[in-house]
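Fold and contact review
Residues per chain are reported as follows:
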Amino acid sequence: MSDPRQDAIRRLTEAGVDSPRLDVRLLWNAAQRNPGIFESYVKRRIRHEPVAYIVGYKEFWSLEFSVEPGVLIPRPATETVIEQVFDAYPDIGAPLKILDLGTGSGCLLTALLKEYPNARGVGIDESDKALMVAARNIASHGLQTRAELKHGNWMENLEEGWDVIVSNPPYIPTGDIAGLDPDVREYEPTGALDGGPDGLDSIRALAAGFRQHLTGTAFVEIGAGQAESVQALMAAAGLSVHHIAPDLAGIPRVVVTGP
Ligand SMILES: C[S@@+](CC[C@H](N)C(=O)[O-])C[C@H]1O[C@@H](n2cnc3c(N)ncnc32)[C@H](O)[C@@H]1O
């Protein structure tokens with residue numbers, strides 16, 4: 001009998017999937033947990049459903065995160081946020097107070113609390129679905145005693161005095177959403193992507209709250225081509241931009257700022 005993986009690679013290629021070999025390997029490995037399900041995984045991927053939603057997990061910062069539709073899939077570029085926190089706070093024993101705005105799957109908060117064993121943190125999201133998945137991830141990584149999750153609109157009604165604020169906010173201009181890959185456009189939550197007409201609505205809201213809530217440093221992910229505008233809006237909010245760090249592709253990706 002022919003290898004079902006070769007047939008799957010051919011069908012994913014015909015469907016215009018970008019990385020058919022890698023995807024088939026991931027789907028095949030995941031199907032070993034549940035024999036017989038491989039063909040249904042392949043059919044879902046042919047319809048461009050992201051691999052992470054099909055298998056139910058995604059790796060971020062070498063940790064496994066549960067994900068499902070309604071919650072953004074963690075991206076490798078977002079690991080730049082963690083790297084930048086390390087650069088700014090090299091003492092891993094520091095008892096940092098960390099705020100993660102728009103926590104989604106909880107990937108940033110979880111990775112930081114794993115790396116800083118004496119830190120405590122709060123994750124905020126406006127999406128109940130995201131908070132449910134984040135709670136699952138916080139629990140599976142054993143962080144319940146140091147992490148709290150809250151429903152909210154950015155820093156509204158939140159206490160002040162945060163050492164570290166991290167955020168990967170929605171930053172895609174509304175008009176660009178229709179041109180995204182179908183994997184993203186058709187499956188990932190618009191509320192995690194849409195940053196308003198110029199993509200900067202959420203970043204403006206964050207900048208406005210930092211002066212009051214931040215005592216240390218904020219690390220904010222931005223989109224390609226937004227560095228200059230974000231620098232200007234942070235300055236207009238009375239913040240100083242320390243630098244903007246590139247991701248592994250060399251794209252200015254994380255604004256490091258403070259009061
Ligand atoms: C781009 S996703 C980032 C998720 C996760 N931090 C990550 O990096 O994978 C943005 C998140 O912000 C949340 N969000 C959008 N607007 C918000 C608001 N006004 N207040 C709180 N969270 C918000 C979305 O629900 C979504 O989970």
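Residues numbered from 1 in each chain as written. Predicted model: local features only at pLDDT ≥ 70, side-chain atom pairs only at ≥ 80, totals over all residues. Heavy atoms only, no water.

Per an unreviewed UniProt entry, the chain carries the name peptide chain release factor N(5)-glutamine methyltransferase and comes from Rhizomicrobium electricum. Listed under Catalytic activity (unreviewed entry) in UniProt, the entry text for the chain is "L-glutaminyl-[peptide chain release factor] + S-adenosyl-L-methionine = N(5)-methyl-L-glutaminyl-[peptide chain release factor] + S-adenosyl-L-homocysteine + H(+)". (UniProt positions renumbered as here; feature names shortened; annotations may be inferred.)

Turning next to the packing of aromatic side chains. Aromatic rings in a pair are described by how distant their centres are and how their planes are angled relative to each other. Counting across every chain of the model gives four aromatic pairs. With a centroid separation of 6.1 Å and an interplanar angle of 75 degrees, the aromatic rings of Phe60 and Phe65 are classed as edge-to-face. Residue classification places Phe60 among the buried residues on the basis of a relative accessible area of 1%. For Phe65, a relative accessible area of 0% puts it in the buried group. Ring plane angle 40 degrees and centroid distance 5.7 Å describe the contact between Phe86 and Tyr116, whose orientation is recorded as tilted. Placement of Phe86 in helix 5 (residues 79-88) and of Tyr116 in the loop between helix 6 (107-115) and strand 4 (120-125) is noted, with a sequence separation of 30 residues between them. Look at Phe86 and you get partly exposed, because its relative accessible area is 22%. (Phe/Tyr/Trp six-rings, centres within 6.5 Å; stacked < 30°, edge-to-face > 60°. Buried < 20%, exposed > 50% of the residue type's maximum accessible area, 1.4 Å probe, protein only. Helix = DSSP H or I, 4+ residues; strand = E, 2+ residues; numbered from the N terminus.)

Here we have seven strands laid out as an open sheet, ordered 5-4-3-6-7-9-8, and mixed in their pairing. A strand with exactly one partner marks an edge of an open sheet, and here the two such strands are strand 5 (147-151) and strand 8 (240-246). Pairwise comparison of adjacent strand axes, ignoring direction, gives a mean angle of 20 degrees for this sheet. Across six bridges, the pairing between strand 8 and strand 9 (residues 252-258) is antiparallel. By the bridge assignment, Val241 is partnered in strand 9 with Thr257. (Pairing = 2+ DSSP bridges. Axes fitted to C-alpha atoms, helices over the stretch in contact; angles between N-to-C directions.)

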